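# Residue-level structural notes
For reference, the chains in residue letters:
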Amino acid sequence: MNLLVDALAWIFDPSHQTGANGIPTRLAQHLAISLLVLVVASAIAIPVGYLIGHTGKGRTFAVSLTGGFRSLPTLGLLIILALALGIGLEAPLIALIVLAVPPILAGAYSGFEAVDRRTVDAARAVGMTEWQIVSKVEVPLGLPLLIGGLRSGTLQIIATATLADYVGAGGLGHFIFVGQKTNDYPQMLAGSLLVIALALLSEGIFALLQKLVVPRGVVANQNTDVRTSSPRRVAVVGSPTEERK
Amino acid sequence: MNWVIENLPLIGQRALEHLALSVPPIILSFIISVPIGWLANRYRWSRGVLLTVLGLLYAIPSLPLFVILPVVLGTGIRDSVNVIVALTLYGIALMVRTTADALGSVSSDVTQSATAMGFSPWTRFWRVDLPLAGPVLLAGIRVVAVSTVSLVTVGAVLGIKSLGLLFTDGLQRNIVAEVAAGMVATIALALLIDFGLVLLGRLLMPWTRAVSTRRARRVQPIDEAVTA
């Protein structure tokens, strides 16, 4: 446990608060990379996911994409891109985008898919246009699952951004790798603690967001006790965080 | 390609080391998840508490977890025990939720019938609940297996021996073929273990092949997802 104290001392050491290698700089790098990737990946994944969810076409493709990526080793992808594009920021950015798209895509299309088809038919029956059905019915109702997708996508990004410094991209992973090279375990530990704190923070923010975006009408009608509503629950495989509603 | 042919023994050795690090976490997380999953399914409070804690555990990125665990375990950073414990934790985080849901999705009509026929809670669990939850449990452990095999490679940046070392070594020596070989071997290993689990599932649950039950059909999209 002394090691943890050393790591905390390392984090709060004033000499690690400033400069190009200070914690704020590395944290800012980590956040900048993560945010940029999140925005780009969302810009690709959300429209495609909505298209798949609304039309129902290409679902098999989306499912196999999200499942197949689970077996892709992130480190290998990162390194092979780094060898192809050279050391720097490009390779990690592309690798991170590739890794973040599948979970966001899954969140987007499963959000649409979770909307009761009768609700969509009712919307069509009262004269809504396709565009109105998407924007006024499917998007709001699918929002919790989309946020769930963004949540696991962001987690994936923050985790993999830690590895990005292995190919020279900076970020909080820098402390782990420098600590390893100089046999400075407290520094490695400090870097790890910072990454974990960041990951848990993002997890907390998204969990809160996921609760907030449930439309009010849905909350009112929601049966909170699953046991009285149905004796069977739909099994969720492969996700410890997304609570199905 | 030449690199691959010349270094086949090395790839084989790394694959074996990789296997030795991935198989124990898969088995351990399954065994540990069954009682925890049962507990999570049994009471409302335990479901909330357990799933929240495990969700947070799953949120911890793998590299930091590899670095931090030695403080808790007193092991070295490159010990296989360290890696196996870390990966088992992730496996449990994924698997407990699936186990709880799988047990929860067993029809209450069936469990009540079993009780009425005189099954004690203990035998009912082993002979009714668990077999009926089987297909979903299988789908869950397949996801755990594939992600475990992929996560083992991360340890390579700390010098942990696995197929991941082909990545780090390939980067240092600038051999693209080595990195590519590592990726192909990792994915192949994941598919191999996945295939083994499917085979094991058919052996242990012959009824899932005979009649396509409603529950078996429900896991199908995930089957596609993992094998694709």
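Residues numbered from 1 in each chain as written. Chains lettered and ligands numbered in written order. Predicted model: local features only at pLDDT ≥ 70, side-chain atom pairs only at ≥ 80, totals over all residues. Heavy atoms only, no water.

Bringing the overall build of chain A into the picture now. Helix and strand content of chain A: 11 helices and zero strands. In sequence order, the secondary structure elements of chain A are arranged as α-α-α-α-α-α-α-α-α-α-α. Burial statistics for chain A: of 245 residues in total, 50% are counted as buried. Residue pairs at least 24 apart in sequence account for 72% of intrachain contacts in chain A once pairs closer than 6 positions are excluded. If you sum the accessible surface of chain A, you get close to 11,400 Å²; carbon and sulfur atoms cover 67% of it. (Helix = DSSP H or I, 4+ residues; strand = E, 2+ residues; numbered from the N terminus. Buried < 20%, exposed > 50% of the residue type's maximum accessible area, 1.4 Å probe, protein only. Contact = heavy atoms within 4.5 Å. Areas by Shrake-Rupley, 256 points an atom, 1.4 Å probe, with all protein chains shown as cover.)

Generally speaking, nonpolar side chains in soluble globular proteins are found buried as a group. Core analysis: the biggest nonpolar cluster contains 60 residues, and Ile79 of chain A together with Leu63, Val67, Val157 and Leu158 of chain B have the highest contact counts within it. The residues contacting Val67 of chain B, other than those within four sequence positions of it, are Ile176, Tyr185, Met188, Leu189 and Ser192 of chain A together with Ile77 and Leu158 of chain B. With 32 residues, the next largest nonpolar core counts Val106, Val144, Val149 and Ile175 of chain B among its residues. (Core = buried A, V, L, I, M, F, W, Y, C linked by side-chain atoms within 4.5 Å.)

Moving on to helix α4 (residues 74–85) of chain A. Between its first and last C-alpha, α4 of chain A extends 16 Å over 12 residues, near the 16 Å set by a 1.5 Å rise per residue. Within α4 of chain A the residues assigned to the buried category are Thr74, Leu75, Gly76, Leu77, Leu78, Ile79, Leu81, Ala82 and Leu83 of chain A. In this fold, the buried residues of α4 of chain A make contact with α5 (90–113) and α7 (130–164) of chain A together with α8 (164–173) and α9 (176–204) of chain B. Following α4 of chain A by one or two positions, Gly86 of chain A adopts a phi angle in the positive range, close to 90°. (Expected span 1.5 Å × (residues − 1).)

With that settled, consider the packing of helix α4 (residues 62–73) of chain B against helix α5 (residues 80–104) of chain B. All names here are of chain B. Running from amino to carboxyl end, α4 crosses α5 at an angle of 120°, the nearest separation of the two axes being 9 Å. Once α4 is placed against α5, the crossing between them reads as right-handed. On the side of α4, the interface is formed by Ser62, Leu65, Phe66, Leu69, Pro70 and Leu73, while α5 contributes Asn82, Val83, Val85, Ala86, Leu87, Leu89 and Tyr90. Grouping the amino acids of the contact of α4 with α5 by side-chain chemistry returns 11 nonpolar, two polar and no charged. (Axes fitted to C-alpha atoms, helices over the stretch in contact; angles between N-to-C directions. Left-handed = near helix turned anticlockwise from the far one by under 90°. Nonpolar A, V, L, I, M, F, W, Y, C, P; charged D, E, K, R; others polar.)

Residue and element names in this part refer to chain A. The topology assignment puts Ser42 in helix α2 (residues 23–55). Of note is the side chain of Ser42, whose polar atom sits 2.6 Å from the backbone oxygen of Leu38. With residues up to four places along the chain from it excluded, the contact list for Ser42 reads Pro47, Ile104 and Leu150. (Polar contact = N/O pair within 3.5 Å; in protein donor to acceptor, adjacent residues only side chain to side chain.)

Here the focus is the packing of α5 of chain B against helix α7 (residues 121–152) of chain B. Residues and elements named next belong to chain B. Between α5 and α7, the least distance of the axes is 8 Å, while the angle of their chain directions is 150°. Classified by the angle between their axes, α5 and α7 sit roughly antiparallel to one another. Where α5 crosses over α7, the two elements pack in a sense that is right-handed. Here the residues of the contact of α5 with α7 are counted per class, giving 15 nonpolar, six polar and one charged. (Parallel < 35°, antiparallel > 145°, perpendicular 65-115°, else oblique.)

Below, the discussion takes up the confidence of the model for chain A. Residue and element names in this part refer to chain A. When the pLDDT values of chain A are averaged, the result is 82; 88% of them are 70 or greater. When mean pLDDT is taken per element in chain A, α2 scores highest with 90 and helix α11 (residues 226–229) scores lowest with 44. Considering only residues more than four positions removed or in separate chains, one finds that residues 223–231, a stretch of pLDDT under 50, has 11 contacts. (pLDDT = per-residue confidence, 0-100.)

Enumeration over the complete set of coordinates arrives at six aromatic pairs over all chains. Seen in terms of ring centroids, Tyr166 of chain A and Phe177 of chain A are 5.2 Å apart; in terms of plane orientation they differ by 55°. Their pairing is tilted. Remark: Phe177 of chain A occurs in helix α8 (residues 173–181) and Tyr166 of chain A occurs in the loop between α7 and α8; sequence separation between them is 11 residues. In this pair, the class of Tyr166 of chain A matches that of Phe177 of chain A, namely buried. Ring geometry for Tyr58 of chain B versus Tyr90 of chain B: centroids 6.0 Å apart, planes at 90°, classification edge-to-face. Residue Tyr58 of chain B is found in helix α3 (residues 44–59), and its partner Tyr90 of chain B is found in helix α5; the two are separated by 32 residues along the sequence. Across from the ring centre of Tyr43 of chain B, 4.9 Å away, lies the NZ or CZ of Arg42 of chain B, which sits over that ring. (Phe/Tyr/Trp six-rings, centres within 6.5 Å; stacked < 30°, edge-to-face > 60°. Lys NZ or Arg CZ within 6 Å of the ring centre and 35° of its normal.)

Residues Val23, Ile27, Leu28, Phe30, Ile31 and Ile32 of chain B make up a contiguous nonpolar surface patch of about 460 Å² in total accessible area. Structurally, Leu28 of chain B is set in helix α2 (residues 8–42). (Patch = residues over 30% accessible without salt bridge, like charges linked within 9 Å, V, L, I, M, F, W, Y side chains within 5 Å. Salt bridge = Lys/Arg side-chain N within 4 Å of Asp/Glu carboxyl O.)

One non-glycine residue with positive phi stands out, namely Asn183 of chain A, at about 60°. Within the secondary structure layout, Asn183 of chain A lies in the loop between α8 and α9 (185–212). Under the relative-accessibility criterion, Asn183 of chain A is labelled exposed at 74%. Although it is not a glycine, Asn174 of chain B sits at a positive phi angle of roughly 60°. Here Asn174 of chain B shows up in the loop between α8 and α9.

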